Structure formats: C-alpha cells, structure tokens
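The residues making up each chain are set out below.
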Amino acid sequence: MRSVHINLIRRAVVVVALLVPFTSAIAKNTYYQQFGQKAGIKAVVNRFVGYVLSDRRISHYFATTDIPSLKSALTDQFCQEEGGPCTYTGPSMSSVHRGLGVNEAAFNALVSDLIKGMDRQHVPLDAQNNLLSKLAPMESQIVTR
Ligand code: HEM
C-alpha cells in the first residue's frame with residue numbers, strides 16, 4: 001500500500017516537473033497576446049509617446065529626439081519584455097539616458113503616461129503590471145539626479 005502511494009507521488013512530481021516549463025511559457029505568451037501582439041504594442045507605444053510629447057512635465061527632454069526611431073525601439077523593448085518574438089537591439093538604458101538629467105519626478109511622469117496609454121488601449125491589468133515590473137528596475141539606470 002505504502003509503495004503504491006510513493007509511486008503515485010513520484011508520478012505526480014514528474015507530471016508537475018514536465019508541466020512547469022509549459023505553463024510558464026504559456027503565461028509569458030499570454031502577456032504578449034493580452035497586449036494584442038505586435039500591433040497592440042505599437043498602438044500602446046503610439047499613444048504613450050503622444051502623451052509624453054504633450055506632457056509639459058517632460059516633453060522638453062524629447063525636443064531633438066528622432067520620434068519614429070524612439071517608437072520603434074520602445075515597441076521592440078516592450079514586445080521582448082512581454083514575451084513576444086522581438087529583440088531590443090538598441091543601446092543600454094544607462095548609455096541612452098546618461099547626461100539627460102532625468103530625475104525621479106520625470107521618471108514617474110513618464111510611467112504615468114505609459115499607464116494612461118495602456119489603459120486607453122484596454123490592456124488587461126496583469127499584462128500592464130508585468131510590463132511595469134520589468135521596467136521598474138531600470139529606474140536606477142535612467143534616473144541620474
Ligand atoms: C522605464 C522607463 C524608460 C524606458 C524603458 C525608456 C526606454 C527608452 C528607449 C528604448 C529609448 C530608445 C533608445 C535607442 O534606441 O536609442 C529611449 C530613449 C530616450 N529616452 Fe527613455 N526610457 C525610459 C524613461 C525615460 C525618461 C523618464 C525620460 C525623460 C523624462 C526619457 C528620455 C529619453 C530620451 C530623451 C530618449 C532619446 C534620446 C536620444 O534622442 O538620443 N526616458 N528610452
């Protein structure tokens with residue numbers, strides 16, 4: 001009887017061990033799907049950058065920025081962070097933002113514009129939170145004063 005139990009437990013452990021990589025791959029994929037794949041991410045980035053450029057708190061930072069290339073870099077970055085089939089190939093966050101003099105208030109303002117963009121695009125909250133949780137640790141590389 002005891003050995004039957006042990007066998008069942010062993011089997012259960014094997015099944016769980018086999019399923020974990022699949023379920024985490026599905027969860028990753030789901031965030032990308034929840035964003036509406038590449039087209040949905042592009043739409044979020046368009047809205048987000050639109051809000052940033054008309055946000056008096058931070059628009060001046062972007063006065064000389066090539067906006068189409070910024071949008072394309074952000075789209076790749078967000079797509080990658082949400083588990084989509086994209087790779088961000090631009091420079092590191094610290095080298096891009098070094099010398100821009102970004103402070104914490106500016107960082108928070110930009111994040112609030114991103115949230116507004118995701119809300120307007122009806123991105124589900126767990127996908128929003130997943131992206132924000134990936135971007136939050138970048139703060140220390142972006143905020144320099
Ligand atoms: C989590 C927050 C942020 C992320 C993920 C992020 C990401 C990026 C990315 C991917 C680029 C394009 C890099 C390239 O391909 O050259 C970029 C550029 C830029 N970012 Fe950020 N950024 C963030 C926060 C901020 C903040 C708070 C500011 C200022 C308020 C800012 C100002 C800029 C500017 C001005 C550029 C363009 C630099 C240039 O024209 O060369 N960023 N950012």
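Please refer to the structure higher up on the page.
Now for a description of the structure that goes with this document. (Residues numbered from 1 in each chain as written. Predicted model: local features only at pLDDT ≥ 70, side-chain atom pairs only at ≥ 80, totals over all residues.)

### Overview of the site of the ligand
Link 1 in the chain: Around the ligand, the surrounding shell holds 20 residues, and the nearest of these are Thr 65, Ala 73, Gly 90, Ala 106 and Leu 135.
Link 2 in the chain: Those elements that provide at least two residues to the shell around the ligand are α3 (67-81), α4 (93-97) and α5 (104-120).
Link 3 in the chain: The greatest single-element share of the shell around the ligand, amounting to four residues, is contributed by α3.
Link 4 in the chain: In terms of residue class, the shell around the ligand is built from 16 nonpolar, four polar and no charged. (Near = placed C-beta within 6 Å. Helix = DSSP H or I, 4+ residues; strand = E, 2+ residues; numbered from the N terminus. Nonpolar A, V, L, I, M, F, W, Y, C, P; charged D, E, K, R; others polar.)

### A closer look at the packing of helix α2 (residues 37-53) against α3
Link 1 in the chain: Where α2 contacts α3, the axes come no closer than 9 Å and their chain directions differ by 130 degrees. Taken together, the axes of α2 and α3 lie oblique to each other. The hand of the α2/α3 crossing is right-handed. For the pair α2 and α3, the contacting residues are Lys 38, Ile 41, Lys 42, Val 45, Asn 46 and Val 49 in the first and Ile 67, Leu 70, Lys 71, Leu 74, Thr 75, Phe 78 and Cys 79 in the second. (Axes fitted to C-alpha atoms, helices over the stretch in contact; angles between N-to-C directions. Parallel < 35°, antiparallel > 145°, perpendicular 65-115°, else oblique. Left-handed = near helix turned anticlockwise from the far one by under 90°. Contact = placed C-beta atoms within 7 Å.)

### Some thoughts on the environment of Phe 48
Link 1 in the chain: Residue position: Phe 48 is located in helix α2.
Link 2 in the chain: Along the backbone, Phe 48 and Ile 115 are 67 residues apart, and their C-alpha atoms lie at a distance of 8.0 Å.
Link 3 in the chain: Leave out the neighbours within four places in its chain, and Phe 48 touches Asp 113, Leu 114 and Gly 117.

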